[in-house]
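# Structural characterization, general
Each chain, written out:
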Amino acid sequence: MDKEKKITQGNKLFLCFEERIGQKRQTGKESTADLYRAVTNWLKQFTGGEGLEFGMITQLFVADFETFLESKGLKTNSVNTYLSNFRALYHSVANEYKKKIKDDPFANLKIKPQPTAKRALSRKVMEEIAGLKLDDKPELKVAADLSLFSFMACGMAFVDLVHLKAENIKEGEIIYNRQKTGTEIRIGITDGMKMILDKYRQEGTPYLFPLLKDENGSYEDYKLLLKCQNEALKEIGQFLVEPIVLTTYRFRHTWASEALLCNTPMAVISQALGHTSEKTTRFYLALLNQSVMNKANKLIIKSVENLLVEAV
């Protein structure tokens, strides 16, 4: 029985969504799979556990689902995330099963992200974190070091940091592919970065930072590490002169903001962060010289790095 016939004979759309979620997990797209799972669960709540057919998805259905999400007290950006993933799920399944869509139920959907609170930290705060004495709190010291490394490594995402291996270091650079997009990123290793790498290097593990249990660490292992890291950062934030909430993402955002303040070209910033969504940026990325990005990074992290090196 072919897929088109299979789906038109009454099978629930939820089954198709489950299949798509499984496909994403098989290809390593765990974050996308988690989002698809979340929106599927919300849809099941919305329909009261009833089956879902293609014909039931109309513009009115989408509008009512949006109202339902809002009634649950979800923030605007959370509602937008679930709606955009619902749209992606619907269209991907429709395309796979060759369903002809006469009237796109998402045609009137307007996704307008709401500006979030400023996430970047000031350079003063970064310097304060670099100068914290946490030797009597080893777990917090590790969390602080990892975050400072993330900042100095051009805002490296935590998921990429924990997966770094010795093979990613070549001729004084860290060369890796972003877990999220697959984009290759090259970063010159500075003195501060090397100091932290040397500090955590261990025999018997393929990783530069011995955090994952084994070479085939699961996505669940990573999520547990991320949770522990953010909990430690939350505690670290309370040691600052002006206590703030710290998360792994704030250090990535801080590097990008500092880069802008240093008049770093947008294309250099995009290359360093591994962004691939802007066509214009991708065009400029191909023209960049690696030394431009290394020079920009040394300027951005100079004050924080000096504090670390001088403390040794």
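This text goes with the structure placed above it.
The structure reproduced in this document is the subject of the present report. The residue numbers shown here count from 1 along each chain, following its written sequence. Only residues with pLDDT of at least 70 get local features here, since the model is predicted, and only at 80 or more are side-chain atom pairs given and counted; chain-wide, interface and lining totals rely on the full set of residues. To get the side-chain values, all heavy atoms of the structure are used, and hydrogens and water are removed first.

## Section: the overall build of the protein chain
- Every helix listed is a DSSP run of H or I at least four residues long, and every strand listed is a run of E at least two residues long, numbered separately from the N terminus. The helix and strand inventory of the protein chain stands at 14 helices and three strands.
- Burial classes follow relative accessibility: with a 1.4 Å probe on protein chains only, a residue under 20% of its type's maximum area counts as buried, one over 50% as exposed, and anything between as partly exposed. Going through the 312 residues of the protein chain one by one, you find that 42% of them count as buried.
- Every residue pair with non-hydrogen atoms within 4.5 Å of one another is taken to be in contact. Pairs at least 24 residues apart make up 62% of the contacts formed inside the protein chain by residues separated by at least 6 positions.
- Put simply, the protein chain shows about 17,400 Å² of open surface, and 51% of that area lies on carbon and sulfur atoms. Each accessible area is a Shrake-Rupley estimate made with a 1.4 Å probe; only the visible protein chains count as cover when residues are assessed.

## Comments concerning the packing of helix H7 (residues 138–152) against helix H11 (residues 248–261)
- Angles shown run from 0 to 180 degrees and are taken between the N-to-C directions of axes, each axis being a line fitted to C-alpha atoms and, for helices, limited to the stretch in contact. Across the interface, H7 lies against H11 with an axial gap of 8 Å and an inter-helix angle of 35 degrees. Considering how the two elements wind past one another, H7 and H11 form a crossing that is right-handed. Residues Ser 147, Ser 150 and Phe 151 of H7 pack against Phe 251, Arg 252, Thr 254, Trp 255 and Glu 258 of H11.
- Its residues assigned to classes, the contact of H7 with H11 comprises three nonpolar, three polar and two charged. Note on convention: the crossing is left-handed when the near helix lies turned anticlockwise from the far helix by less than a right angle, right-handed when the turn is clockwise. Three classes are used, and their members are as follows: Ala, Val, Leu, Ile, Met, Phe, Trp, Tyr, Cys and Pro are nonpolar, Asp, Glu, Lys and Arg are charged, and the others, Gly among them, are polar.

## Concerning the packing of aromatic side chains
- When the centres of two rings from Phe, Tyr and Trp lie within 6.5 Å, Trp using its six-membered ring, the rings pair. Their planes under 30 degrees apart give stacked, over 60 give edge-to-face, and anything left gives tilted. Counted under the stated rule, the structure contains 16 aromatic pairs.
- Taking 5.3 Å as the distance between ring centres and 50 degrees as the angle between the ring planes, the aromatic pair formed by Phe 46 and Phe 68 counts as tilted. In this pair, Phe 46 sits in helix H3 (residues 30–46) while Phe 68 sits in helix H4 (residues 59–71), placing the two residues 22 residues apart along the sequence.
- Between Tyr 219 and Tyr 222, the ring centres sit 6.0 Å apart and the planes meet at 40 degrees, which makes this aromatic pair tilted. Of this pair, Tyr 219 and Tyr 222 both sit in helix H10 (residues 219–236), three residues apart, which is roughly one turn of the helix.

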